[in-house]
Structures are given as structure tokens and as C-alpha cells.
Amino acid sequence: MTADDYEAAYQLWKNTDGMGLSEADSRGEIIRYLERNPGISQVCVDEDGTLAGTAVCGHDGRRGYMYHVAVSSSSRGKGAGREMVTRCLERLREEGISKCHLMVIGHNALGRSFWSGTGWQERDGLVLFSRNS
């Protein structure tokens, strides 16, 4: 994924049920994240050149984090999501990162089903806190 993919990616995210967007998903913030984590995030492009999927991924030097894994409704069920995730995890391993986390909005049944069906474990006992800095 590169800065050139941003506009199409944002449109995909806006049109994906269960996707949460915030100011952190602005063009500038996403580009800064991609620059901080070069070559890790992935996209999938349809045969006609249309962006069909994204997986924004990076690390903090200790753990990997994956965000905005989304596949267009017309491209789902063809393995694009699994392939992007596999590539992200490969890139993290190349960086020496052995564990990756992701967050799914609680009511996103489709997302939760995808992740549990691809070998990810839903964690109990953790509570996420957030605060503006």
C-alpha cells in the first residue's frame, strides 16, 4: 500500500459495514503510518485495476498491529483478505515481530467471523482504553 492508494482505500473503508473511521484515518495520518512502516501494508487490485482490498499493518518494535482489513463486497470469498493478511504477517516476521494484534468493533459479526475462521483468537480479559494526546 502506498500514498497513491489512499483515496480508493478511504472510499472502500467508508463503504464497508463494521468499519470505524476517525481523524486518525485522514490522508496525512495514513501516509505517516505507511512511511513509518514501509512495505508492510497491503492492497488487492481487481483485474480492471480497481482497488478491491486493504490491510494496513505496522509495528511498534515489539508487536504488530493490523487495521482496516477490508475487501469490497464484489471481491469477497476469493481469498483476497487471507492473502493480504498472510503478506502482512510475513513482512512482520521479516522485521522480527512474532505477534500481531487487531481490533474489531464488537458488533461487527462479519469481521469477527472472518478473524476467528482464519485462526485468530478473540481475547477475553482485556479492556481497551483510549485518550486524545
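In this report, we go over the structure that sits alongside the text. Just so it is clear, the structure is predicted and the values come from calculations on it, not from any experiment.

Some details on the nonpolar core
Phase 1 of the analysis: Among the nonpolar cores identified, the biggest contains 16 residues, and Cys57, Met66, Leu92 and Trp120 are the most heavily contacted of them.
Phase 2 of the analysis: When residues in this core are grouped by element, the largest group, 5 residues, is from helix α3 (residues 80–94).

Focus on the sheet that holds strand β1 (residues 42–45)
One key point about sheets: their strands pair by backbone hydrogen bonds, in either a parallel or an antiparallel sense.
Phase 1 of the analysis: A sheet is described by the order of its strands in space; here 4 strands give the open sequence β1-β2-β3-β4, paired in mixed fashion. Each having just a single partner strand, β1 and β4 (100–102) make up the two edges of the open sheet. Each neighbouring strand pair of the sheet contributes to a mean axis angle of 20°, computed without reference to strand direction.
Phase 2 of the analysis: The strands that helix α2 (residues 27–36) touches are β2 (51–59) and β3 (64–71); relative to β2, the one it contacts most, it runs at about 60°.

Rules used throughout
- Residues numbered from 1 in each chain as written.
- Predicted model: local features only at pLDDT ≥ 70, side-chain atom pairs only at ≥ 80, totals over all residues.
- Heavy atoms only, no water.
- Core = buried A, V, L, I, M, F, W, Y, C linked by side-chain atoms within 4.5 Å.
- Buried < 20%, exposed > 50% of the residue type's maximum accessible area, 1.4 Å probe, protein only.
- Helix = DSSP H or I, 4+ residues; strand = E, 2+ residues; numbered from the N terminus.
- Pairing = 2+ DSSP bridges.
- Axes fitted to C-alpha atoms, helices over the stretch in contact; angles between N-to-C directions.
- Contact = heavy atoms within 4.5 Å.

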